[in-house]
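The chain contents come next:
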Amino acid sequence: MASSKVSVDVDGRRLALSNLDKVLYPRTGTVKSEVIEYYTRIAPVLLPHLAGRPITRKRWPDGVDEDSFFEKNAPRGTPSWVRTVDLPSPGSTMNRDTVTYVLADDLPTLVWLANLAVLEFHVPQWRVDDGAATAPDRLVVDLDPGEPATVVECCQVALLLAEALDRDGLPAYPKTSGSKGMQMYLPLDGSADSDTVSDYAHRLAERLEGDHPKLILSRMERRERRGKVFIDWSQNNSAKTTVAPYSLRGRETPSVSMPVGWDEVEQAARSGARRPLPLQFGTDAALERVDDDGDLLAPLFDRGYSLP
């Protein structure tokens, strides 16, 4: 992709890619063609985590040093072959009764979105079936560190959460956020609605805060977060989304929200205030790990669990 505009065939779809030499990450000089290449190569493990989920996209048309915006509605000029779904949008700030969401089920759609300078893909914890939302098929908690806490403290909290879930007979799978913190996933069998899942996650967070008040916060008050890790249980609300596994982030450098193993989490939890911080992944590292280990979140697709 040496030229700034090319026409390419992607799995039988003809796409016009433009401004391929536009710098999207000035600090590293990463251009749009490299973002498209990353998403093309990571697609085999990314697409299963996007399939059937309405996508909220975050776009940086002029690069990460300039303004960005979230986009839910399919943009003007969306190709007819891109799969979309109309879903209710209660309380929309755009005064819409419904939103036409894009569903990225295939590589051409993923490349098309990357060409629009979509860097981040955010998805809910439920899928779409026959044009309607299903019950959530996973529980997610977001671990958000308040300075000077870092991903190291997030790993310590992740281990405590994993122990608590294990006592309930439930497995958990971690990934980095690609930003400051990390997330943990639990596959569900679809027997609980979003309110039930949120209530379970909330009670779990409150219990751990009671046991470890100097480390963990379950309440939303930002003024209380300094030096603690906020367990954001509200990600399970049906209106909320979480950054998808393998998504880029619009940070200074092209960091990736990357699945990690529990052995890595344990090692990072013991690392202290080491610099550089552990569990930080760029595109090259992400691709290499997937080549070596496959998708560490693949167990999410194997079996769903019911909540106690």
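Residues numbered from 1 in each chain as written. Predicted model: local features only at pLDDT ≥ 70, side-chain atom pairs only at ≥ 80, totals over all residues. Heavy atoms only, no water.

A. Spatial organisation of the overall build of the chain. When helices and strands are counted, the chain shows six helices and 17 strands. Expected size for 308 residues packed as a compact globule is a radius of gyration near 19 Å; at 19 Å, the chain falls within 12% of this value. Considering only C-alpha atoms, the chain reaches an extent of 55 × 45 × 40 Å along its principal axes. In the chain, 68% of the contacts between residues at least 6 apart in sequence involve partners at least 24 apart. Of the roughly 14300 Å² that the chain leaves accessible, carbon and sulfur atoms contribute 45%. Considering the chain, the positive charge centre built from 37 side chains and the negative charge centre built from 46 side chains are found 4 Å apart. (Helix = DSSP H or I, 4+ residues; strand = E, 2+ residues; numbered from the N terminus. Rg over C-alpha atoms; globule rule 2.2 N^0.38 Å. Contact = heavy atoms within 4.5 Å. Areas by Shrake-Rupley, 256 points an atom, 1.4 Å probe, with all protein chains shown as cover. Lys, Arg positive; Asp, Glu negative; His and termini not counted. Charge placed at Lys NZ, Arg CZ, Asp CG, Glu CD.)

B. Expanded view of the domain arrangement of the chain. Domain boundaries in the chain define domain 1 (5–133) and domain 2 (135–301). If you average the C-alpha positions of domain 1 and of domain 2, the two centres end up 24 Å apart. Sorting the residues of domain 1 by area buried against domain 2 places Y38, H49 and Q125 first, and these three jointly supply 30% of that buried surface. Inspection of the region where domain 1 meets domain 2 yields four salt bridges. (Domains from an automatic or database assignment. Buried area = accessible area lost by both parts, 1.4 Å probe. Salt bridge = Lys/Arg side-chain N within 4 Å of Asp/Glu carboxyl O.)

C. Here's a closer look at empty space enclosed by the protein. Evaluated as defined, the whole model comprises three cavities of 30 Å³ or more. Looking at the largest cavity, its volume works out to about 50 Å³. Lining the largest cavity, in full, are T176, S177, G178, S179, G181, S255, V256, L279, Q280 and F281. Split by residue class, the lining of the largest cavity holds three nonpolar, seven polar and no charged. (1 Å grid on protein atoms, 1.4 Å probe; cavity = no way out; pocket = protein on both sides within 12 Å on 5 of 7 lines; lining within 4 Å. Points joined across faces, edges and corners; volume = space filled by probe spheres on them. Nonpolar A, V, L, I, M, F, W, Y, C, P; charged D, E, K, R; others polar.)

D. Molecular detail of helix 2 (residues 107–115). Counting buried residues along helix 2, nine of its nine residues qualify, which places the element largely inside the surrounding structure. Turning to helix 2, its buried residues number three or more, namely L107, P108, T109, L110, V111, W112, L113, A114 and N115. Among the structural elements, strand 1 (5–10), strand 2 (13–18), helix 1 (32–50), strand 5 (54–59), strand 8 (98–103) and strand 9 (118–123) are those in contact with the buried residues of helix 2. A positive phi of about 65 degrees marks A117, the residue just after helix 2. (Buried < 20%, exposed > 50% of the residue type's maximum accessible area, 1.4 Å probe, protein only.)

E. Region of interest: helix 4 (residues 194–211). With 18 residues, helix 4 ought to run about 26 Å at 1.5 Å a step, and its terminal C-alpha atoms sit 26 Å apart, in line with that. Every buried residue of helix 4 is accounted for by S194, V197, S198, Y200, A201, L204, A205, L208 and E209. Elements in contact with the buried residues of helix 4: strand 12 (138–145), helix 3 (151–167), strand 15 (216–217) and strand 16 (229–232). (Expected span 1.5 Å × (residues − 1).)

F. Just the environment of Q183, in detail. Here Q183 is to be found in strand 14 (residues 182–187). The class of Q183 is buried, set by a relative accessible area of 3%. In the structure, Q183 is positioned 25 residues away from A158 in sequence and 8.3 Å away in space, judged by C-alpha atoms. Side-chain polar atoms of Q183 contact the side chain of D142, separated by 2.6 Å. (Polar contact = N/O pair within 3.5 Å; in protein donor to acceptor, adjacent residues only side chain to side chain.)

G. Focus on the nonpolar core. By size, the foremost hydrophobic cluster in this structure holds 81 residues, and its most contacted members are Y39 and L143. Each of domain 1 (5–133) and domain 2 (135–301) contributes no fewer than three residues to this core. The residues contacting Y39, other than those within four sequence positions of it, are L46, L110, A114, V118, L119, E120, F121, Y246, S247 and L248. Counting residues in each nonpolar core, the second largest holds seven residues, with V85, V99, Y101 and V128 among its members. (Core = buried A, V, L, I, M, F, W, Y, C linked by side-chain atoms within 4.5 Å.)

H. Expanded view of the packing of aromatic side chains. Going through the model one piece at a time under the given rule, you end up with two aromatic pairs. With 5.1 Å between their ring centres and 80 degrees between their planes, Y39 and F121 make a pair best called edge-to-face. On the criterion of sequence distance, the pair formed by Y39 in helix 1 and F121 in strand 9 is long-range, its members being 82 residues apart. On the basis of relative accessibility, which here comes to 0%, the residue F121 falls in the buried class. One aromatic cluster is present, built from ring pairs that chain together Y38, Y39 and F121. (Phe/Tyr/Trp six-rings, centres within 6.5 Å; stacked < 30°, edge-to-face > 60°.)

I. Local environment of the pairing of strand 12. Extensive coverage of strand 12 is indicated by the burial of eight of its eight residues. The side-chain alternation of strand 12 yields two buried faces, one formed by R138, V140, D142 and D144 and the other by L139, V141, L143 and P145. By the bridge criterion, six bridges tie strand 12 to strand 14 in an arrangement that is antiparallel. Each residue of the ladder has a partner; that of V140, found in strand 14, is Y185. (Pairing = 2+ DSSP bridges.)

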